[in-house]
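# Coordinate inspection notes
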Amino acid sequence: MERPRPPGGPVTGTGSDHSLRATLRGLRPEAFGADPKGERLARIRRSPNFADGVFQNPVAARTRPAGSTVEFAKIYFQKEARARRAPTGAIPVHATTLADLAKPPVSGLRITWMGHSSVLTEIDGHRVLFDPVWGDRCSPFAFAGPKRLHPVPVPLAELGPVDVVVISHDHYDHLDLPTIKVLASTDTLFAVPLGVGAHLERWGVPASRLRELDWNESTDVGGLRLTATPARHFCGRGLRNTQHTLWASWVVTGPEHRVYHSGDTGYFPGFAEIGAAHGPFDATMIQIGAYSEYWPDIHMTPAEGVQAHLDLQGGRSHGVLLPIHWGTFNLAPHAWAEPGEWTSDAGQESGQVIAAPRPGQPFEPAGTVPVVPWWRPLTRPLAHPWRRPRPVQGPVETRGSDLDLAGDR
């Protein structure tokens, strides 16, 4: 016998079904965010980068770890390996003060790495905050998950006004619920990839303060133009990853300066295309940490990161590269300081200036760039599997100290 239809439309389920779904939604941790729906979901489905029910990468990428899970676990949890993934002492954080940041940059461009991928960029009279993570853990839970290895250089409340917060994607080490909730109480705007706005609205950011972009779309904030550009990565926060939020790198263009933030990405030919369309850049902020042979498509090695910078600059050494996505959280099997050391080597080989600020240390790319490897006193002996024999120039000297310096640091 057919179930009687209630007034106003067809049967959509029993009251108990609806109640169960509502109850399950209510049990979903707030940190999981929200799934896109309504016009936001319709816009996602119209995106040229959305096909077969998910967002697609510009180049095919495996987003799940390759190889044996058992072998990876052995490597990751082995006692000696775990020790290498942490500094041997306190990381020397620069005590950034509001006074440090209150003076306008002499050149018009100043960059302050706050750790991991969080960067305050002061550009042509505006303040842009990339991927701010001030929480203790990059996790949906306060009691578990990767914990930060150094304190934040400056409390968020003392950072001063921010014109726009830029989010690269919705993973926990880039989109942090406690941080967003604090920023939601200010009047800052948020520039985010398509779909990510659903999370922010759930956490109290009004839709009027969101600029939600697909790849190659732009928005103007004051005198700046922000453009979401392609990246090779993936997304997701909850147990059910629907791949309905986009990931992006970002270009910020002002009247006098241009900067690029990679977010998380594997290496792909699109860097040259982004550089041709938007570069060259005064500074790039490039992911060079949390790489592994188990996920080679979605994170770059330091050598790939330096090459990405060169691609963005039209194939030549230009501007300053700030390494990001390392030093703050333990997210991969490599040694804690290996990304810094390898990036330094790759920069020397290519003639590219690599900035090496302590977390919280402001610098101007047109001024004195910090290059001293501050991490070395805190590092256990490092193997250098990336090192290639360098061509011999003239007679070979065999003094032991020279060989030691060339072979290890």
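Residues numbered from 1 in each chain as written. Predicted model: local features only at pLDDT ≥ 70, side-chain atom pairs only at ≥ 80, totals over all residues. Heavy atoms only, no water.

## What to know about unusual backbone geometry
A cis amide bond links G279 with the next residue in sequence, P280, at an omega value of -5 degrees. Along the chain, P280 turns up in the loop between α8 (270–278) and β13 (283–287). Positive phi outside glycine occurs at N216, with the angle close to 70 degrees. Position of N216 among the secondary structure elements: in the loop between β8 (210–213) and β9 (218–221). A relative accessible area of 57% means that N216 is categorised as exposed. Even without being glycine, A290 reaches a positive phi, approximately 65 degrees. Checked against the element boundaries, A290 lands in the loop between β13 and α9 (302–312). (Helix = DSSP H or I, 4+ residues; strand = E, 2+ residues; numbered from the N terminus. Buried < 20%, exposed > 50% of the residue type's maximum accessible area, 1.4 Å probe, protein only.)

## A closer look at the side chain of S168
By the element assignment, S168 lies in the loop between β6 (164–166) and α6 (177–184). You can call S168 buried: its relative accessible area is 1%. Looking at S168, its side chain comes within polar contact range of the side chain of H169, at 2.9 Å. Apart from residues lying up to four places away in sequence, S168 is in contact with D131, H174, P193, L246, W247, A248, W250, G263 and D264. (Polar contact = N/O pair within 3.5 Å; in protein donor to acceptor, adjacent residues only side chain to side chain. Contact = heavy atoms within 4.5 Å.)

## Here's the deal with the pairing of strand β4 (residues 118–123)
Of all six residues in β4, six are buried; the element is thus mostly enclosed. Of the two faces of β4, the one carrying S118, L120 and E122 and the one carrying V119, T121 and I123 are both buried. Hairpin connection of strand β3 (residues 109–115) to β4: two residues between the antiparallel strands, including H116 at a positive phi of 55 degrees. Examined bridge by bridge, β4 and strand β5 (residues 126–130) share five bridges and lie antiparallel to one another. Its bridge partner lying in β5, I123 is registered against H126. (Pairing = 2+ DSSP bridges.)

## Topic: the environment of D220
Looking at the element boundaries, D220 is found in strand β9. D220 sits in the partly exposed class, given a relative accessible area of 45%. Distance from D220 to V252, taken between C-alpha atoms, is 9.7 Å for residues 32 residues apart in sequence. Here the side chain of D220 touches R225 through a polar contact of 2.8 Å, side chain to side chain.

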